[in-house]
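Observations on chain architecture
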Amino acid sequence: MKHFVQKLATLAITSALLAAAPLSQAHEYKLGQLEIGHPYARATVPGQPAAGAYVSIENKGSAPDRLVGVSSPVAKSGEIHTMAMEGNIMKMREVEGGLEVKPGQKITMQPGNGYHIMLMGLSKPLQAGEKVPATLTFEKAGKVDVTFNVEDRNAAAAGKDDMKDMKGHTHH
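Scoring rules and cut-offs
Position numbers for residues start from 1 in each chain and track the written sequence from start to end. Side-chain atom pairs in this predicted model are given and counted only at pLDDT of 80 or more, local residue features only at pLDDT of at least 70, and totals for whole chains, interfaces and linings cover all residues. To obtain the side-chain values, all non-hydrogen atoms of the structure were included, while hydrogens and water were left out. Each helix is a run of DSSP H or I of at least 4 residues and each strand a run of E of at least 2, with the numbering of both proceeding from the N terminus. Under the scheme applied here, a residue whose accessible area is under 20% of the maximum for its type counts as buried, over 50% as exposed, and between as partly exposed, the area being computed with a 1.4 Å probe on protein chains only. Residue contacts are counted whenever heavy atoms from the two residues lie within 4.5 Å of one another. The accessible surface values rely on the Shrake-Rupley method and a 1.4 Å probe; as for residues, cover is taken only from the protein chains in view. Here a polar contact is taken to be a pair of N or O atoms separated by no more than 3.5 Å, where protein atoms must pair a possible hydrogen donor with a possible acceptor and residues adjacent in sequence count only if both atoms sit in side chains. Salt bridge, as used here, is a side-chain nitrogen of Lys or Arg placed within 4 Å of a carboxyl oxygen of Asp or Glu. By convention a nonpolar core is built from buried Ala, Val, Leu, Ile, Met, Phe, Trp, Tyr and Cys residues, the set being connected through side-chain atoms within 4.5 Å. Paired strands are those between which DSSP finds at least two bridges.

So, about the overall build of the protein. The number of helices and strands found in the protein is 2 helices and 11 strands. Going from the N terminus to the C terminus, the protein shows its helices and strands as α-β-β-β-β-β-β-β-β-β-β-β-α. In the protein, buried positions account for 39% of the 172 residues. Across the protein, every contact between residues at least 6 apart in sequence was considered, and the portion connecting residues at least 24 apart equals 69%. For the protein, the computed accessible surface area is about 9,600 Å², with 56% contributed by carbon and sulfur atoms.

Structure follows, in structure tokens:
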């Protein structure tokens, strides 16, 4: 019986630790009726002038808002981009006028397709494990300071969007 109780206790502790692990990685921010979830950026290589960054934005309010700006001390500028396949070519474009988030809508930025943030003109390479401060600016809600956790470029997307050679990054 003692052996059974020890195994049960070990199982309970292991389960609790595993359940808590994702919480230690998650980080959320609230700005008015907007909920900003898990900001992260991709690690870069020396000489890479730009980095992809991602975040989820959920509008819990009754009025639309718009992400109109991104800034960070590690980059000369921040831009909101969209990516989409057009035939056999991946096209990346800056989102003109900002990214609208409608009431009840949740936008999840992710590598490979859809919306993302480009940190342009990096002052240094971003290394996995670092934390990068940034400010998101919304048209109505205002500004919120967030921290992008820098993640290994292969961990987040398992190769969906390599972005390792941003030297040829251009807008189309």
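Let's pick the thread back up.
With that settled, the discussion passes to the environment of Lys124. Within the element layout of this structure, Lys124 appears in the loop between β9 (114-122) and β10 (131-138). Take Lys124: its relative accessible area is 38%, and that puts it in the partly exposed class. Along the backbone, Lys124 and Ala75 are 49 residues apart, and their C-alpha atoms lie at a distance of 8.5 Å. Side chain to side chain, Lys124 and Glu130 meet in a polar contact 2.8 Å long.

Here we take up the pattern of salt bridges. Under the defined criterion, the tally for this structure stands at 4 salt bridges. Between Lys60 and Glu58 there is a salt bridge; the shortest N-O distance is 3.9 Å. A relative accessible area of 21% places Glu58 in the partly exposed class. Across the pair Lys124 and Glu130 runs a salt bridge, and its minimum N-O distance is 2.8 Å. Overall, Glu130 belongs to the partly exposed group, its relative accessible area being 23%.

For the rest of this paragraph, the subject is the nonpolar core. Of all hydrophobic cores here, the largest spans 34 residues; its most connected members are Ile36, Ile117, Leu136 and Phe138. With 5 residues, the single largest contributor to this core is strand β3 (residues 50-59). Discounting chain neighbours no more than four positions away, the residues touching Leu136 are Ile36, Leu67, Gly69, Val70, Ile117, Gly142, Lys143, Val144 and Val146. Core analysis: the second largest hydrophobic core is formed by 5 residues, Ala50, Met83, Met92 and Met120 among them.

What follows covers unusual backbone geometry. In this structure, His38 is a non-glycine residue whose phi angle is positive, near 40°. Tracing the chain through its elements places His38 in strand β2 (residues 34-42). The partly exposed category is assigned to His38, whose relative accessible area is 26%.

Here we take up the pairing of strand β5 (residues 75-86). Alignment of β5 against β9, held across 8 bridges, turns out to be antiparallel. Note on β9: the bridge partner recorded for Met83 is Gly114. Bridge count for β5 against strand β6 (residues 89-94) is 6 bridges, and the pairing is antiparallel. Opposite His81, over in β6, you have Glu94 as the bridge partner.

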